[in-house]
Amino acid sequence: MNVLVVGAGEMGRWFARTLVADATHSPDIAFTDLDSTAAQRAADAVGGRAVASETTERFELVCIAVPMPVTAEAIETYATNAADAICDLAGIMAEPVEAMAEHAPDCERVSFHPLFAPANAPGNVPLVAAESGPVTDRVRNALTAAGNELFETTPAEHDAAMETVQARTHAAILAFGLAAEPVPERFQTPISAGLFELLETVTDGEPRVYADIQAAFEGVDDVAAAADRLANADDDGFETLYQAARPAQGTR
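Below, the structure is looked at part by part.

Basis of the calculations
Residues numbered from 1 in each chain as written. Predicted model: local features only at pLDDT ≥ 70, side-chain atom pairs only at ≥ 80, totals over all residues. Heavy atoms only, no water. 1 Å grid on protein atoms, 1.4 Å probe; cavity = no way out; pocket = protein on both sides within 12 Å on 5 of 7 lines; lining within 4 Å. Points joined across faces, edges and corners; volume = space filled by probe spheres on them. Helix = DSSP H or I, 4+ residues; strand = E, 2+ residues; numbered from the N terminus. Nonpolar A, V, L, I, M, F, W, Y, C, P; charged D, E, K, R; others polar. Disulfide = S-S within 2.5 Å. Buried < 20%, exposed > 50% of the residue type's maximum accessible area, 1.4 Å probe, protein only. Pairing = 2+ DSSP bridges. Contact = heavy atoms within 4.5 Å. Axes fitted to C-alpha atoms, helices over the stretch in contact; angles between N-to-C directions. Arc of directions from axis to C-beta. Patch = residues over 30% accessible without salt bridge, like charges linked within 9 Å, V, L, I, M, F, W, Y side chains within 5 Å. Areas by Shrake-Rupley, 256 points an atom, 1.4 Å probe, with all protein chains shown as cover. Salt bridge = Lys/Arg side-chain N within 4 Å of Asp/Glu carboxyl O. Parallel < 35°, antiparallel > 145°, perpendicular 65-115°, else oblique.

Let us now look at the layout of surface pockets. Size it by volume and the second largest pocket reaches roughly 710 Å³. Val223, Ala226, Ala227, Leu230 and Ala245 are, among the 20 residues lining the second largest pocket, the residues nearest its centre. At the level of secondary structure, the elements contributing two or more residues to the lining of the second largest pocket comprise helix H6 (155-179), helix H9 (220-232) and helix H10 (235-244). Among the elements that line the lining of the second largest pocket, the one with the most residues is H9, at 8 residues. Here the residues of the lining of the second largest pocket sort into 15 nonpolar, 2 polar and 3 charged.

Put into structure tokens, the structure is as follows:
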């Protein structure tokens, strides 16, 4: 299987490594990126090759691994390079699924969203299989063989979930970081220590990625409104909000 990975960032490199690690198919990997040096480094790391961003070469599979705001544009640009299948790793699903259907209607089309940073792989990977087939089945098998838990969803279900598990979660953690004062470790409680640990994890990433998530999904305004309700509640109101905040059974 010959594969073109569009985007030489962390997620594109993770995808390529995962396919290469599955000895069943021994894929030939090519990378392209607007940063040709990054594409060459990514290709060298997996024993592949780099191709120019304007390549007209055809591949059995094209994987779009670029930032969310430019995913649909990249799908439109590189759909003609896909001979059999196209997939994306964008993290948002409605728009890429629509773009693949429009620009690659005759191809196998799957949207994957690894719910982890590559350094924390393996993990859960929701997917929307708009059009399955042998090429994307090989991808699914390789991801599963690497220890990932794949499950099918819909664009609407996925994107609604991301409003909480990404947009609201990140906003709450970053807001805590902005509001928190330095505290000696001996004063930490299990809860505060856990929040500071989460803050370290979130702020160890790439700011652009978190900004893209906030732009793609609603949620940050809800966190701000909830904090305002807590700040202005009287004793009875606070107790009501406290009880309302308890997670519903089965939501974790």
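Here we come to the state of the cysteines. By definition, a disulfide links the sulfur atoms of two cysteines through a covalent bond. Per the stated rule, a full pass over the model turns up 0 disulfides. Here cysteine 63 is not disulfide-linked; the sulfur of cysteine 87 is the nearest cysteine sulfur, at 3.7 Å. A relative accessible area of 0% means that cysteine 63 is categorised as buried. No disulfide involves cysteine 107; its nearest neighbouring cysteine sulfur is the one of cysteine 87, lying 11 Å away.

In this section: the sheet that holds strand E3 (residues 49-50). Ordered in space as E3-E2-E1-E4-E5-E6-E7-E8, the 8 strands form an open sheet in which the pairing is mixed. This sheet does not close on itself; its edge strands, each paired only once, are E3 and strand E8 (149-152). This element, helix H1 (residues 10-21), spans strand E1 (2-6), strand E2 (28-32), strand E4 (59-64) and strand E5 (82-88) of the sheet and lies at about 170 degrees to E2. The strands that helix H4 (residues 94-103) touches are E5, strand E6 (108-112) and strand E7 (124-131); relative to E6, the one it contacts most, it runs at about 165 degrees.

Let us look at H4. An α-helical turn contains 3.6 residues, so a residue and the one three or four places further along point in the same direction. Buried residues of H4: Pro96, Val97, Ala99 and Met100, and no others. One side of H4 carries all its buried residues, which in axial view fall inside an arc of 165 degrees. Facing away from the buried side of H4 by more than 90 degrees, the exposed set consists of Glu98 and Glu102. Here the buried face of H4 lies against helix H3 (71-78), E5, E6, E7 and H6.

The subject of this paragraph is the side chain of asparagine 81. Note on placement: asparagine 81 falls in the loop between H3 and E5. Overall, asparagine 81 belongs to the buried group, its relative accessible area being 2%. Apart from residues no more than four positions distant in its own chain, asparagine 81 is found in contact with Leu4, Thr55, Thr56, Glu57, Arg58, Phe59 and Val62.

Attention now moves to a nonpolar patch on the surface. Taken together, Leu230, Phe238 and Tyr242 make up a surface patch of nonpolar side chains, about 310 Å² in accessible area. Mapped onto the secondary structure, leucine 230 falls in helix H9.

Where charged atoms from two side chains of opposite charge come close, those side chains can pair. With the rule as written, the count across this model stands at 6 salt bridges. A salt bridge links arginine 140 to glutamate 152, with the shortest nitrogen-to-oxygen separation between them at 3.0 Å. Highlighted residues: arginine 140 in helix H5 (residues 134-145) and glutamate 152 in strand E8, separated in sequence by 12 residues. Exposure remark for arginine 140: the relative accessible area of 19% places this residue in the buried category.

Closest axis-to-axis distance for the H6/helix H7 (residues 190-202) pair is 9 Å, and the angle between their directions is 105 degrees. As judged from the angle between their axes, H6 and H7 are roughly perpendicular. Only Leu195, Phe196, Leu198, Leu199 and Val202 of H7 make contact with H6, whose side of the interface consists of Ile173, Leu174, Phe176 and Gly177. When grouped by side-chain class, the residues that make up the contact of H6 with H7 number 8 nonpolar, 1 polar and no charged.

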